[in-house]
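Chains, contacts and geometry: an overview
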Amino acid sequence: MRRLFWVGVGVVVTVVVVQRGRRIVAQYAPEAVVDRAERAAQDAGRRAETFVATFRREFSQARSAREAELTAALLAEGQPDPDDVRASGLRPADLRGGPGRARHAASAPERRPDPEAEIAADEADLGYSF
C-alpha cells in the first residue's frame with residue numbers, strides 16, 4: 001500500500017508540474033516559438049513510433065528465422081519437426097516405437113511413466129546426454 005500511495009503522489013505531482021509549466025511557457029513565450037516546439041515534439045513522437053514499430057517487426061522476423069535455423073541444425077536425420085509432433089498430439093514416448101509399444105497416445109493403456117526409464121530411453125536413442 002505504501003508503494004501505491006507514493007506512485008499516486010508521484011502521478012499527482014507530475015500532472016501539477018506539467019500543467020503549471022505549460023501556463024508559464026504560454027505566458028512568457030511567443031506563440032510562434034510554442035507552435036514550433038509543439039510541432040517538433042509531435043514529429044519526434046511520430047518518428048519514435050515508426051522506429052519502434054519497424055524494430056519490433058524486424059526483430060520478430062529475425063527471431064523466427066534464427067529459430068528455424070537452430071531447429072533445423074538440431075534435428076537428427078529423419079527426426080520429425082517438433083511443431084508437427086505437437087500438432088499431431090503425440091508425446092515423445094509415443095515416437096520411440098518398437099515392438100509392443102503404442103504409436104499413439106489414444107491407443108496406449110493408461111499407466112504412469114517412469115521418469116528414469118524415459119531418460120534412459122532418450123539417452124539410448126540420442127547417444128548423448130546433458
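About the thresholds
Every chain is numbered on its own, with residues counted from 1 as its sequence reads. For a predicted model such as this one, the threshold for reporting local features is a pLDDT of at least 70, and the threshold for listing and counting side-chain atom pairs is 80 or more; totals across whole chains, interfaces and linings nevertheless cover every residue. To get the side-chain values, all heavy atoms of the structure are used, and hydrogens and water are removed first. Numbering of helices and strands runs from the N terminus; a helix is a DSSP stretch of H or I covering at least four residues, while a strand is a stretch of E covering at least two. Here's how the labels work: a residue is buried when its accessible area is under 20% of the maximum for its type, exposed when over 50%, partly exposed in between, all with a 1.4 Å probe on protein chains only. All accessible-area figures derive from a Shrake-Rupley calculation using a 1.4 Å probe, and residue coverage is judged against the displayed protein chains alone. Only rings of Phe, Tyr and Trp enter the pairing, Trp through its six-membered ring, and a pair is recorded when the two centres are within 6.5 Å. The plane angle decides the type: under 30 degrees is stacked, over 60 is edge-to-face, the rest tilted. By definition here, a salt bridge exists when the distance from a side-chain nitrogen of Lys or Arg to a carboxyl oxygen of Asp or Glu is within 4 Å. In this scheme, patches are assembled from residues that exceed 30% relative accessible area and form no salt bridge. Like charges are connected within 9 Å, while nonpolar side chains (Val, Leu, Ile, Met, Phe, Trp, Tyr) are connected within 5 Å. Confidence scores labelled pLDDT are given residue by residue by the predictor and lie between 0 and 100.

1. Topic: the overall build of the protein
- Helix and strand counts for the protein stand at five helices and zero strands.
- Overall, the protein shows an N-to-C arrangement of helices and strands of α-α-α-α-α.
- Sorting the 130 residues of the protein into buried and exposed places 5% on the buried side.
- For the protein, the accessible surface area stands at approximately 11700 Å², while carbon and sulfur atoms represent 59% of it.

2. Overview of the packing of aromatic side chains
- Evaluation of the coordinates by the stated rule reveals three aromatic pairs.
- Pairing Phe-51 with Phe-55 gives two aromatic rings, centres 6.3 Å apart and planes at 25 degrees, and the pair type is stacked. Residue Phe-51 and its partner Phe-55 are located together in helix H2 (residues 31-74), separated by four residues, close to a single helical turn.
- Residue class for Phe-51 comes out exposed when judged on its relative accessible area of 58%.
- Taking the relative accessible area as the measure of exposure, Phe-55 reaches 48% and is therefore partly exposed.
- Both rings, one in Phe-55 and one in Phe-59, keep their centres 5.9 Å apart while their planes meet at 20 degrees; by these two values the pair is stacked. Here Phe-55 and its partner Phe-59 are both found in helix H2, four residues apart, which amounts to about one turn of the helix.

3. A closer look at the pattern of salt bridges
- Throughout the structure, instances matching the rule amount to two salt bridges.
- The salt bridge involving Arg-47 is made with Asp-43; its shortest N-O contact spans 3.4 Å. Of the two residues, Arg-47 and Asp-43 both sit in helix H2, four residues apart, roughly one turn of that helix.
- By relative accessible area, Asp-43 is classed as partly exposed at 32%.
- Between Arg-66 and Glu-69 there is a salt bridge; the shortest N-O distance is 3.1 Å. With Arg-66 and Glu-69 both in helix H2 and three residues apart, this pair spans about one turn of that helix.
- Classification of Arg-66 as partly exposed rests on a relative accessible area of 47%.
- Under the relative-accessibility criterion, Glu-69 is labelled partly exposed at 46%.

4. Digging into a nonpolar patch on the surface
- The grouping of Phe-51, Val-52, Phe-55 and Phe-59 at the surface amounts to a nonpolar patch, some 440 Å² of accessible area in total.
- Relative to the helices and strands, Val-52 is located in helix H2.
- Judged by relative accessible area, which is 44%, Val-52 ranks as partly exposed.

5. Considerations on the confidence of the model for the protein
- Per-residue pLDDT for the protein has a mean of 80; in total, 80% of the residues score no lower than 70.
- The secondary structure element of the protein with the lowest average pLDDT is helix H4 (residues 92-96), at 63, and the one with the highest is H2, at 91.

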